[in-house]
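# Coordinate inspection notes
Here is how the chains run, residue by residue.
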Amino acid sequence: MTVLPADGLSLAAEFPAPAHEHWQRLVEGVLRKSGKDAEGSAAEEALSTTVEDGLITRPLYTSRDSAPDAGYPGFAPFTRGSKPEGNAADGWDVRQRHSLADPARLNEAVLADLENGVTSLWLTVGGATGVPVPALAGALDGVYLDLAPVVLDAGGETDAAATELLRICAERGIDLASVRGNLGADPFGAGARTGAEPDLSAAVQWAQRCTRELPGLRALTVDALPYHEAGGSAAEELGASLATGVALLRALTDAGLSVEDACGQLEFRYAATADQFLTIAKLRAARRLWSRVAEVCGAAGAGAQRQHAVTSSVMMTRRDPWVNMLRTTLACLGAGVGGADSVTVLPFDHALGLPDAFARRIARNTSTILLEESHLARVIDPAGGSWYVERLTAELADAAWSFFQEIEGAGGQAAALRSGMIGERLAATWAARSKDLARRKEPITGVSEFPQLSERPVEREPVPAGPAPASDGLPRLRRDEAFEALRARSDAHLAATGERPKVFLAALGPAAAHTARVSFAANLFQAGGIEPVHGPVPVDAASVAAAFRACGATVACLCSSDALYAEQAAAVAGALGSAGALRVFLAGRPAGYTGVDEYVFAGSDVVAVLSSLLDRMDVA
């Protein structure tokens, strides 16, 4: 009989301890097989990826990847969470956004959400898309305002909306001390969108009143969404929010509030994207940074940042919107693991217009599944201790702090917005990202990758038109914009002529030789709304002209292996040109074949290629 040692059985006892260098040698072997010659750390660097803000994600993280001490949950620097128990007590607050001008429809939607898992309401009030301030009482009919926190998003009507909300509570006999939520005063966010100088007077007055009389209400929102939606990176979003928070702290303390009370009036709102690890790191870094600000202000214990995470509208697509359910699920998971106090999942049809009841149900059930069935909140700081997450958190915090210092050096948040410094920085970031999107280095499933031209579009009631975007305010951008413009041209052509523009895929040789590039080319052209046709399969120089004329296309693309291109490309391209092809493409790297006008390959600027092609095909 074998007797186990007193300290138990070590499962790795019979194996030598692995060395980092040994792993690198294995990587070298893999790289050599793919034609790359690199050794040691260079081999590891070859597998690293540069992401936004100049951050580099490496293929392997170990205990050698040091990061600042994250502390304990509920204690400074609050990296691991603002509360000692994290979300383990009752999960995160499921906050649903509502933007309906009709108070009766809004009330119906609000009650349905509260009865089915939503725990707080985020209401657009005033303007073209929100419920009018005088109709707020009808919209909240039947809502227990002492149980369901309300967050207002009223822009320039915040003062009137906040006054009306408290009047409704008093009229219903609710003790105002028990009312919870956020009045949503956001002078810098509003200024960022409109280009107007932020007016802090009303926001400061509400913060003073909430501190004195309304302990369950916060007055101010530090909304980072305008910077994210204008194309900003994670670090830029954090840096701008930090500068906004500091500007509000200055205003509140100048008005007589203590640093502790001023911090207690702020709630920070961040975007959560489908990049789950970046979302996790962003929320953890945001808490660490705000803790540092509070520490410098002499109130280290007040640095527990209150966070509201909202699934990104930038990542939402209008084509194949069902995929948005997957994107928002990943974003919600990242927000929950990252420690957000409240999470809003936007409906999958958010980019199309007003969401229907099904879309709202899926949105609220996303949190419910993660909380009740996946038990995501039962672990405090689930990502804590991961060498990758801790390192990414630290590097992101450093990059965000650097941008924050740039803003402060420019005179603070108001001055940086006024001068255009922030807008220019975000525009440069978006321009770089747009190149990655156009080259499909950052793929968009259902749009730039795997589009489905035959799918019927999802239609929704349009959102009422608001005022035209301010020319000097920050724009609202979407990842799918360039491809959406191409698809819209194709749709218009279909409506006018009864058919989409077509491209003939000339498949050369056996299936084993042409299938991969046929799939690649079909995918690429459909991203621009151009329908691929390829029959018969395969073709050669003798048969391609008849096949091309029969399909009704005006352009063609050769698809096969490099070996067959060397044998047949020039002849087939010449036959297509003689048959009247306006443009002959080849799926593969440029090789100088006679008769081939253009090459499409992984990494080429797909948007430029397709836009030029639609021009040649007279698709207006």
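Let us look at the structure shown here. Note that the structure is predicted; figures quoted are calculated from it, not measured. (Residues numbered from 1 in each chain as written. Predicted model: local features only at pLDDT ≥ 70, side-chain atom pairs only at ≥ 80, totals over all residues. Heavy atoms only, no water.)

## Quick word on unusual backbone geometry
Following A76, the chain continues into P77 via a peptide bond in cis, with omega recorded as 10°. The residue P77 is located in the loop between strand 2 (56-57) and strand 3 (93-98) in this model. Here G535 and P536 are connected by a cis peptide whose omega angle stands at -5°. One can find P536 in the loop between strand 12 (531-533) and helix 19 (544-551). Phi angles above zero are rare outside glycine, and F78 is one such case at about 65°. Locating F78 in the fold gives a position in the loop between strand 2 and strand 3. Its identity is not glycine, yet R440 carries a phi of approximately 60°, on the positive side. With respect to the secondary-structure elements, R440 resides in the loop between helix 16 (421-438) and helix 17 (481-497). (Helix = DSSP H or I, 4+ residues; strand = E, 2+ residues; numbered from the N terminus.)

## Some thoughts on empty space enclosed by the protein
Here the structure, examined in full by the defined rule, presents three cavities of 30 Å³ or more. Its volume calculated, the largest cavity comes out at about 150 Å³. Lining of the largest cavity is provided by 19 residues; of these, G86, N87, G336, G339 and D381 occupy positions nearest its centre. No other element matches helix 12 (residues 323-338), which puts three residues into the lining of the largest cavity. Per-class residue counts for the lining of the largest cavity are seven nonpolar, seven polar and five charged. (1 Å grid on protein atoms, 1.4 Å probe; cavity = no way out; pocket = protein on both sides within 12 Å on 5 of 7 lines; lining within 4 Å. Points joined across faces, edges and corners; volume = space filled by probe spheres on them. Nonpolar A, V, L, I, M, F, W, Y, C, P; charged D, E, K, R; others polar.)

## Focus on the packing of aromatic side chains
Applying the stated criterion to the full structure yields 10 aromatic pairs. Considering the side-chain rings of F504 and F548, the 6.1 Å spacing of their centres and the 70° angle between planes classify their relative orientation as edge-to-face. Here F504 is found in strand 11 (residues 502-507), whereas its partner F548 is found in helix 19, with 44 residues between them in sequence. As far as burial versus exposure is concerned, F504 and F548 are alike and both buried. (Phe/Tyr/Trp six-rings, centres within 6.5 Å; stacked < 30°, edge-to-face > 60°. Buried < 20%, exposed > 50% of the residue type's maximum accessible area, 1.4 Å probe, protein only.)

## Things to note about the pattern of salt bridges
One pass over the full model with this rule turns up 38 salt bridges. One salt bridge in this structure joins D381 and R80, with 2.6 Å as the shortest N-O distance. A residue pair is termed long-range when its members are at least 10 positions apart, and D381 in the loop between helix 13 (357-373) and helix 14 (387-409) and R80 in the loop between strand 2 and strand 3 qualify at 301 residues. The exposure class assigned to R80 is partly exposed, which follows from its relative accessible area of 23%. E461 is the salt-bridge partner of R105, the closest N and O atoms lying 3.0 Å from each other. Remark: E461 occurs in the loop between helix 16 and helix 17 and R105 occurs in helix 3 (residues 103-114); sequence separation between them is 356 residues. Each member of the salt-bridge network shares a partner with another, and the members are D93, R95, E267, R306 and D341. (Salt bridge = Lys/Arg side-chain N within 4 Å of Asp/Glu carboxyl O.)

## Focus on the packing of helix 9 (residues 234-254) against helix 14
When two helices pack together, their arrangement is given by the angle between their axes and by how far apart the axes lie. Where helix 9 contacts helix 14, the axes come no closer than 7 Å and their chain directions differ by 50°. The angle between helix 9 and helix 14 falls in the class oblique. Both helix 9 and helix 14 take part in a crossing whose hand is right-handed. Contacts between helix 9 and helix 14 pair A234, A235, E236, L238, G239, A240, L242, A243, V246 and R250 from the former with L396, A399, A400, W401, F403, F404, I407 and E408 from the latter. When its residues are assigned to classes, the contact of helix 9 with helix 14 shows 14 nonpolar, one polar and three charged. (Axes fitted to C-alpha atoms, helices over the stretch in contact; angles between N-to-C directions. Parallel < 35°, antiparallel > 145°, perpendicular 65-115°, else oblique. Left-handed = near helix turned anticlockwise from the far one by under 90°. Contact = heavy atoms within 4.5 Å.)

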